[in-house]
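Letter by letter, the chains look like this.
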Amino acid sequence: MNSHMVNIDVDPSLENHLKKSNDSVLVLHFWANFQAQKSRQINDVVDEAIKTKVAPIECVLIDVEKYKEIAEKYKIETIPTCVIICKEQEYGRVDGCDNSQLMKLMKEAGFKNFPLQVRKFPEEGDNDLNSRLKSLLNKSKIMVFMKGTKENPRCKFTRALLEILNGIQAEFEAFDILEDEEVRQGLKALSNWPTYPQVYVNGSLIGGLDIIRELNEVGELKSAFLME
């Protein structure tokens with residue numbers, strides 16, 4: 001079992017788990033043996049959300065047949081049910097096995113309650129290449145490193161990213177990593193991010209296409225770009 005997903009049998013004090021919601025999205029997964037298959041599907045969705053690290057997520061599995069008082073406290077009427085807790089308050093819930101809605105709600109809760117953690121670069125190792133990279137990163141408030149140009153994107157991921165950025169009318173500068181292998185390899189090492197495109201704001205890495213897409217879906221992309 002994922003270390004961020006625990007059964008309440010390990011620690012029957014729910015209060016201890018609720019405190020974690022001050023620093024992460026807490027998912028209370030109410031389950032029972034008679035709906036074990038659906039609950040396993042939910043666990044897979046939560047596990048995927050944890051692995052993608054889009055938001056800090058903790059999950060507590062609560063067997064309603066063992067902990068009826070907790071189920072009554074949260075007014076659980078459908079099994080399974082996932083209650084999303086942020087800062088010790090209920091943010092929302094998903095009754096039944098609606099995996100797409102659960103994933104959307106976890107991401108939305110994370111972006112809205114816990115500021116996006118941009119990646120800062122270490123100061124050590126300042127050489128000619130690193131100095132050049134940092135100069136490029138700060139060339140514009142929003143810098144995009146991608147395959148191709150704004151006018152001629154050369155991969156489907158770049159095209160998808162440009163559609164999103166143009167859709168919110170973001171003003172940005174772009175660098176074609178296919179034209180400079182030294183930058184292409186050096187930036188991957190500096191940022192510890194192995195794929196392109198990569199999006200930076202004020203010199204700090206926001207992420208790649210998946211994170212930009214998710215920020216856009218929950219209405220937080222303009223905030224991440226300091227556009228509002």
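Above this text is the structure in question.
Computed from a predicted model, the values in this text were never measured in an experiment.

Cut-offs applied
- Residues numbered from 1 in each chain as written.
- Predicted model: local features only at pLDDT ≥ 70, side-chain atom pairs only at ≥ 80, totals over all residues.
- Heavy atoms only, no water.
- Helix = DSSP H or I, 4+ residues; strand = E, 2+ residues; numbered from the N terminus.
- Buried < 20%, exposed > 50% of the residue type's maximum accessible area, 1.4 Å probe, protein only.
- Contact = heavy atoms within 4.5 Å.
- Pairing = 2+ DSSP bridges.
- Right-handed = clockwise from strand over helix to strand, strands pointing away.
- Core = buried A, V, L, I, M, F, W, Y, C linked by side-chain atoms within 4.5 Å.
- Axes fitted to C-alpha atoms, helices over the stretch in contact; angles between N-to-C directions.
- Polar contact = N/O pair within 3.5 Å; in protein donor to acceptor, adjacent residues only side chain to side chain.
- Salt bridge = Lys/Arg side-chain N within 4 Å of Asp/Glu carboxyl O.

Colleague: Help me get a handle on unusual backbone geometry, residues and values and all.
Modeller: The linkage connecting I79 with the following residue, P80, adopts the cis geometry, with an omega of -5°. Each neighbour pair has its own omega, and for Y196 with P197 the value is 5°, a cis peptide bond. As for its placement among the helices and strands, P197 is situated in the loop between α7 (181–191) and β8 (198–201). Its identity is not glycine, yet K75 carries a phi of approximately 55°, on the positive side. Here K75 lies in the loop between α3 (68–73) and β4 (81–86). On the basis of relative accessibility, which here comes to 65%, the residue K75 falls in the exposed class. Look at K87: it is not a glycine, yet its phi comes out positive at around 55°. Along the polypeptide, K87 turns up in the loop between β4 and β5 (89–95).

Colleague: So what's going on with the side chain of S39? Residues and values would help.
Modeller: Among the secondary structure elements, S39 is positioned in helix α2 (residues 36–52). Taking the relative accessible area as the measure of exposure, S39 reaches 3% and is therefore buried. Look past the residues within four positions of S39 in its chain and what remains in contact with it is H29, W31, A32 and P80.

Colleague: Break down helix α8 (residues 209–217) for me, citing the residues and quoting the values.
Modeller: The complete set of buried residues in α8 reads L209, I211, I212, E214 and L215. Elements in contact with the buried residues of α8: α4 (99–113), α6 (156–167), β8, β9 (204–207) and α9 (221–224). Phi turns positive one or two residues past the end of α8, at G219, with a value near 75°.

Colleague: Got a sec to walk through the pairing of strand β6 (residues 142–146)? Specific residues and values, please.
Modeller: Burial analysis of β6 places 5 of its 5 residues in the buried class, the great majority of the element. Alternating positions in β6 separate into two faces, I142, V144 and M146 on one and M143 and F145 on the other, with burial throughout. The sheet contact formed by β6 and β8 spans 4 bridges and is antiparallel. Note on β8: the bridge partner recorded for V144 is V199. Tracing the backbone out of β6, into α6 and back to the parallel element strand β7 (residues 173–176) gives a crossover that is right-handed.

Colleague: Residue-level account of the nonpolar core, with values.
Modeller: In this structure, I142, V144, F145, I212 and F225 are the most contacted members of the largest nonpolar core, which totals 37 residues. Among the secondary structure elements, those contributing two or more residues to this core are α5 (128–137), β6, α6, α7, β8, β9, α8 and α9. Counting 23 residues, the second largest nonpolar core, distinct from the first, contains V27, V46, M106 and A109.

Colleague: Before we move on, could you go through the sheet that holds β4 and cite the residues and values that matter?
Modeller: Ordered by their spatial adjacency, 5 strands build an open sheet running β1-β3-β2-β4-β5, and the pairing between neighbours is mixed. Every interior strand has two partners, whereas the edge strands, β1 (5–7) and β5, have only one. Across the sheet, the axes of successive neighbouring strands diverge by a mean angle of 20°, strand direction being ignored. In the packing of α4 onto the sheet, the strands contacted are β2 (25–31), β3 (57–63), β4 and β5, and the crossing angle to β5 comes to about 165°.

Colleague: Can you lay out the side chain of D180 for me, pointing to particular residues and giving the numbers?
Modeller: Residue placement: D180 occurs in the loop between β7 and α7. Within the local environment of D180, its side chain forms a polar contact with the backbone nitrogen of E182, the two atoms lying 3.2 Å apart. In contact with D180, not counting residues within four places along its chain, are R132 and F175.

Colleague: Tell me what's going on with the pairing of β5, and back it up with residues and numbers.
Modeller: Inspection of the sheet shows β4 paired to β5 by 6 bridges, in the antiparallel sense. Considered in β5, the bridge of C82 is made with V94. A loop of 2 residues connects β4 with β5, the two strands running antiparallel in sequence, and K87 in this loop sits at a positive phi of about 55°.

Colleague: Would you mind going over the pattern of salt bridges in detail, with residue names and values included?
Modeller: Applying the stated criterion across every chain yields a total of 8 salt bridges. Its salt-bridge partner being R93, residue E90 comes within 3.0 Å of it at the nearest N-O pair. Judged by relative accessible area, R93 falls into the partly exposed class, the value being 28%. Between E182 and R132 there is a salt bridge, with its nearest N and O atoms 3.5 Å apart. Pair noted here: E182 is in helix α7 and R132 is in helix α5, with a separation of 50 residues, a long-range link. Note on E182: relative accessible area 46%, which makes it partly exposed. A single network of salt bridges, built from pairs that share partners, joins R132, D180 and E182.

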